[in-house]
Amino acid sequence: MGIKNFLASLAIASTLVPAAAQADKLQDIMNEGTVRIGILLDVPPWGYNDAEGNPTGLDVEVAQLLADELSVELEIVQVTGTNRIPNLLSDQVDIVIAAMGANSERAQQLMFSQPYTVVDLGVYGSSEIGQSDDPSILSGHTVAVARGTTLDLWLTDNAPDDATISRYEDVPSAMSAYIAGQADLFSENSAVIANLLKDRPEIEMAPVVIMRQSPAHIGVGMGEHNLLQWVNTFVFSNVMNGKLPALQEKWFGTKRGPLPAL
């Protein structure tokens, strides 16, 4: 078949496809001229409001970079650890950039990009408790954690039976409980711990258990393959040009090494 005949047949076929089947979030964003991105704004240094009340942090800068490359306006939608996925499923946001780790359960609800940054997940507290790779060291202790996070899931599966997992609705609440002495330990990622120690150096936050390395991924709706392909290209190109590694070093104080592919 000649190229002219092929293109003609392709054009005819496209007119036969129902409009709903042609729905495409990437094209919708381009048409609207705005991308709605769900971001945590209560978890520095990932995202928070500065002294003037303006959103800032790693995920805010990543979102702005993404919007700039799409040549659209950025609309920030504040989310929490528990509602970031429901907001995507209910079309309250187009994309989620919210310190989100990938796991098989979440992958049944949305699609993850390649990782754009990485942190360590762990449990932190007094150096008197010690440090171990064995979660049995948590025996007899109370651990504060934000509900529904990757850390919460890990603790549920791995903490000994006589450890108490105190779940809070968000990271600030779990952090406040630890600072107030309502929990012996606080489970979070290394970026949040480093930021806390910068602001409150008098607080003891030694590593007790380091769970694992945890890449963070951008989330898009299930089936939005065109958008996911674009986001993956965005991540790849901005790793190669140094912009995403520079943001990780700026906000986390760590250099980006090789990250595992999804």
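Preceding this paragraph is the structure being described.
Residues numbered from 1 in each chain as written. Predicted model: local features only at pLDDT ≥ 70, side-chain atom pairs only at ≥ 80, totals over all residues. Heavy atoms only, no water.

K.L.:
I would appreciate a short explanation of the pattern of salt bridges in the present structure.
P.N.:
Pairing is possible between side chains of opposite charge, provided their charged atoms come close. In the structure shown here, the tally under the stated rule is eight salt bridges. Here Asp91 and Lys25 are joined by a salt bridge, their closest N and O atoms 2.8 Å apart. Linking Asp91 in the loop between helix 4 (84–89) and strand 6 (95–100) with Lys25 in helix 2 (residues 25–32), this pair joins segments that are 66 residues apart in sequence. With a relative accessible area of 39%, Asp91 lands in the partly exposed category. Here Arg200 ties to Glu202 by a salt bridge, and the two come within 2.4 Å at their closest N and O atoms. Each member of the salt-bridge network shares a partner with another, and the members are Lys25, Arg36, Asp91 and Asp94. (Salt bridge = Lys/Arg side-chain N within 4 Å of Asp/Glu carboxyl O. Helix = DSSP H or I, 4+ residues; strand = E, 2+ residues; numbered from the N terminus. Buried < 20%, exposed > 50% of the residue type's maximum accessible area, 1.4 Å probe, protein only.)

K.L.:
Explanation requested: the packing of aromatic side chains in the structure shown.
P.N.:
For any pair of aromatic rings, geometry is given as the distance between the ring centres together with the angle between the planes. Throughout the structure, instances matching the rule amount to four aromatic pairs. With a centroid separation of 6.4 Å and an interplanar angle of 25°, the aromatic rings of Tyr178 and Phe186 are classed as stacked. (Phe/Tyr/Trp six-rings, centres within 6.5 Å; stacked < 30°, edge-to-face > 60°.)

K.L.:
What is the right way to look at the layout of surface pockets in this model?
P.N.:
Size it by volume and the largest pocket reaches roughly 250 Å³. Along the walls of the largest pocket sit 13 residues, with Ile85, Glu105, Arg106, Gln109 and Gly148 positioned nearest its centre. Listed by contribution, the elements that provide at least two residues to the lining of the largest pocket are helix 4 and helix 5 (150–158). It is helix 4 that contributes the most residues to the lining of the largest pocket, four residues altogether. (1 Å grid on protein atoms, 1.4 Å probe; cavity = no way out; pocket = protein on both sides within 12 Å on 5 of 7 lines; lining within 4 Å. Points joined across faces, edges and corners; volume = space filled by probe spheres on them.)

K.L.:
Would you take a moment to explain the side chain of Thr117 for this structure?
P.N.:
Following the sequence through the fold, Thr117 ends up in strand 8 (residues 117–125). Polar contacts involving the side chain of Thr117 include one to the side chain of Gln248, which spans 2.6 Å. (Polar contact = N/O pair within 3.5 Å; in protein donor to acceptor, adjacent residues only side chain to side chain.)

K.L.:
Could you clarify how one ought to interpret helix 5 in this entry?
P.N.:
Side chains that are three or four residues apart share a direction in an α-helix, a result of its 3.6 residues per turn. All of the buried residues in helix 5 are Thr150, Leu151, Asp152, Trp154 and Leu155. Turning to helix 5, the residues buried within the fold contact strand 8, strand 9 (142–146), strand 10 (164–168), strand 11 (185–189) and strand 12 (206–221). (Contact = heavy atoms within 4.5 Å.)

K.L.:
Any chance you could explain helix 2 here in plain terms?
P.N.:
Turning to helix 2, its buried residues number three or more, namely Lys25, Leu26 and Ile29. Considered in projection along helix 2, the buried side chains sweep an arc of 105° and stay on one side of the axis. The opening residue of helix 2, the one whose side-chain oxygen lies 3.2 Å from the backbone nitrogen of Leu26, is Asp24. (Arc of directions from axis to C-beta.)

K.L.:
Would you explain the pairing of strand 6 in this entry?
P.N.:
In terms of burial, strand 6 is a largely internal element, five of the six residues being buried. Sheet topology note: the strand 6/strand 12 ladder contains three bridges and is antiparallel. Residue pairing in the sheet places Ile95 in a bridge with Val220 of strand 12. (Pairing = 2+ DSSP bridges.)

K.L.:
For this particular structure, what's the right way to read unusual backbone geometry?
P.N.:
Most peptide bonds take the trans configuration, and most residues that are not glycine carry a negative phi. In this model, Pro44 is joined to Pro45 through a cis peptide bond whose omega is 5°. Along the chain, Pro45 falls in the loop between strand 2 (42–43) and strand 3 (47–49). At Asp91, a position not held by glycine, the phi torsion is positive, near 60°.

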